[in-house]
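# Structural characterization, general
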Amino acid sequence: MTSVWLALFLSALAAMADTVGGALTVVRQFEGRTLASFTSIGAGFLLGATLLDRLPDTLHTMPKLGVTYMLIGYLLVLTLEIIRHSRNHENTHSHATGHVHTAAMQGGTIALVSMMVHTFMDGVVIAGALAANRAEGILMFVAITLHKVPEGLTISAISLNSSNSRRRAFLWAFLLTCSTIVGAITAVVLGSVGGPSVNIIMALATGTFLFISTSDLVPFVRAQEQPRNMLLLLCGCGVFYLSLTLLQSIGLS
Ligand SMILES: [Zn+2]
């Protein structure tokens, strides 16, 4: 299989994990403890992938401007998250005015847009990393797929919260799948065009990953206040470290 087809195939496979997460939410209420465990492992794996793989790679390909683009990517996701939370905050105040339903709908839509930007970057990273190095790209594919099931669960839960339609909850998770695939196609197209554009979008994506792992998933694990979840995060991080070291020692990375 050529690199392009492999990149698109693995991106589509990872993207399906969003729909699987959404379907799990729609079919039955997921047990909180199971979700927290799964998210903790995924958080550790993604933290390792961001700091051990994406960060050095970005600094290598863009020694001067890489950090600036990473900061822009980080701030972009942070801004979208703050807008989303401010809408949620307004929701709680709008009970008194009777506009709660509309406000919840708007908050849900902002969450969807914010997560679609994020999942677009998921696709960019899988395809971009695979184009640069097949073995490392496969590791990134695993890291991203692991956090995509909880991602699909989250967006479906938000959708169900703002409207009781199970159909819409499933559709929203599917939209995350679509934006991941669009991200992968974008990375492939920019890569074939050549020039610095693919490096820029990869650096932006690394910034979004820095946010997702350190400012979204790690705080989630901390908030659980369970040593068990911290251990699972350490395991996820350790497995990524060992996998990367193994690839490097056998010369695949
Ligand atoms: Zn993601």
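Further up the page is the structure itself.
Computed from a prediction, not measured in an experiment: that's the story for all the values here. (Residues numbered from 1 in each chain as written. Predicted model: local features only at pLDDT ≥ 70, side-chain atom pairs only at ≥ 80, totals over all residues. Heavy atoms only, no water.)

Take the overall build of the chain next. In terms of regular secondary structure, the chain is built from 8 helices and 0 strands. For the chain, the sequential pattern of α-helices and β-strands runs α-α-α-α-α-α-α-α. Excluding contacts between residues fewer than 6 apart, the proportion of contacts in the chain whose partners are at least 24 apart in sequence is 83%. When the accessible surface of the chain is split by element, carbon and sulfur atoms take 70% of a total near 12200 Å². (Helix = DSSP H or I, 4+ residues; strand = E, 2+ residues; numbered from the N terminus. Contact = heavy atoms within 4.5 Å. Areas by Shrake-Rupley, 256 points an atom, 1.4 Å probe, with all protein chains shown as cover.)

Summed over all chains, the structure comprises 2 aromatic pairs. Centroid distance Tyr-74 to Phe-211: 5.3 Å. Interplanar angle 75 degrees. Geometry classified as edge-to-face. Remark: Phe-211 occurs in helix α7 (residues 197-224) and Tyr-74 occurs in helix α3 (residues 66-93); sequence separation between them is 137 residues. Exposure remark for Tyr-74: the relative accessible area of 23% places this residue in the partly exposed category. (Phe/Tyr/Trp six-rings, centres within 6.5 Å; stacked < 30°, edge-to-face > 60°. Buried < 20%, exposed > 50% of the residue type's maximum accessible area, 1.4 Å probe, protein only.)

Phi at Glu-225 is positive, roughly 50 degrees, even though this residue is not glycine. Of note, Glu-225 is situated in the loop between α7 and α8 (227-249).

So, about the packing of helix α2 (residues 32-61) against α7. One way to put it is that α2 packs onto α7 with a least axis distance of 8 Å and a crossing angle of 150 degrees. The pairing of α2 with α7 is recorded here as roughly antiparallel in orientation. Crossing of α2 against α7: the hand is left-handed. Within the contact of α2 with α7, the residues separate by chemical class into 15 nonpolar, 10 polar and 1 charged. (Axes fitted to C-alpha atoms, helices over the stretch in contact; angles between N-to-C directions. Parallel < 35°, antiparallel > 145°, perpendicular 65-115°, else oblique. Left-handed = near helix turned anticlockwise from the far one by under 90°. Nonpolar A, V, L, I, M, F, W, Y, C, P; charged D, E, K, R; others polar.)

When you line up the elements, Asp-53 lands in helix α2. Residues in contact with Asp-53, not counting those within four places in the same chain, are Gly-48, Glu-136, Met-140, Phe-240 and Leu-244.

For Thr-208, the position within the fold is in helix α7. For Thr-208, the residues in contact, after removing those within four places along its chain, are Gly-73, Tyr-74, Val-77 and Met-121.

Let's shift gears to the packing of α2 against α8. Interaxial distance between α2 and α8 falls to 7 Å at its minimum, and their mutual angle equals 40 degrees. Crossing geometry of α2 relative to α8 is assigned as right-handed. Residue composition of the contact of α2 with α8, by class: 14 nonpolar, 6 polar and 3 charged.

If you check α8, its first and last C-alpha atoms are 32 Å apart, about what 23 residues at 1.5 Å a residue would give, namely 33 Å. Listing the buried residues of α8 in full gives Asn-229, Leu-232, Leu-233, Gly-236, Phe-240, Leu-244 and Leu-247. Structurally, α8 contributes buried residues whose contacts are with α2, α5 (134-162) and α7. (Expected span 1.5 Å × (residues − 1).)

With that settled, the discussion passes to the pattern of salt bridges. Tallied over the full model, the rule gives 5 salt bridges. The salt bridge involving Asp-57 is made with Arg-54; its shortest N-O contact spans 3.4 Å. Separated by 3 residues within a single helix, Asp-57 and Arg-54 lie in helix α2, roughly one turn from each other. On the basis of relative accessible area, Asp-57 is assigned to the partly exposed category, the value being 24%. Ionic pairing is found between Asp-122 and Lys-148, a salt bridge with its closest N-O pair at 3.0 Å. On the criterion of sequence distance, the pair formed by Asp-122 in helix α4 (residues 100-132) and Lys-148 in helix α5 is long-range, its members being 26 residues apart. Residue classification places Asp-122 among the buried positions, given a relative accessible area of 0%. (Salt bridge = Lys/Arg side-chain N within 4 Å of Asp/Glu carboxyl O.)

To continue, consider the coordination of the zinc ion. Note on the zinc ion: its protein donors are His-118 (NE2), Asp-122 (OD), His-147 (NE2) and Glu-151 (OE). The metal-donor distances range over 1.9 to 2.1 Å. Geometry at the zinc ion is tetrahedral, judged from its 4 donor atoms and the angles of 87 to 127 degrees they form at the metal. One chain supplies every donor for the zinc ion, spaced along it as H-x3-D-x24-H-x3-E. Of this pair, His-118 and Asp-122 both sit in helix α4, 4 residues apart, which is roughly one turn of that helix. (Donors = N, O, S within 2.8 Å, 3.2 Å for Na, K, Ca; no water. Tetrahedral: all angles 85-135°; square planar, octahedral: opposite > 155°, others 65-115°.)

Geometric values such as these leave the question of function open.
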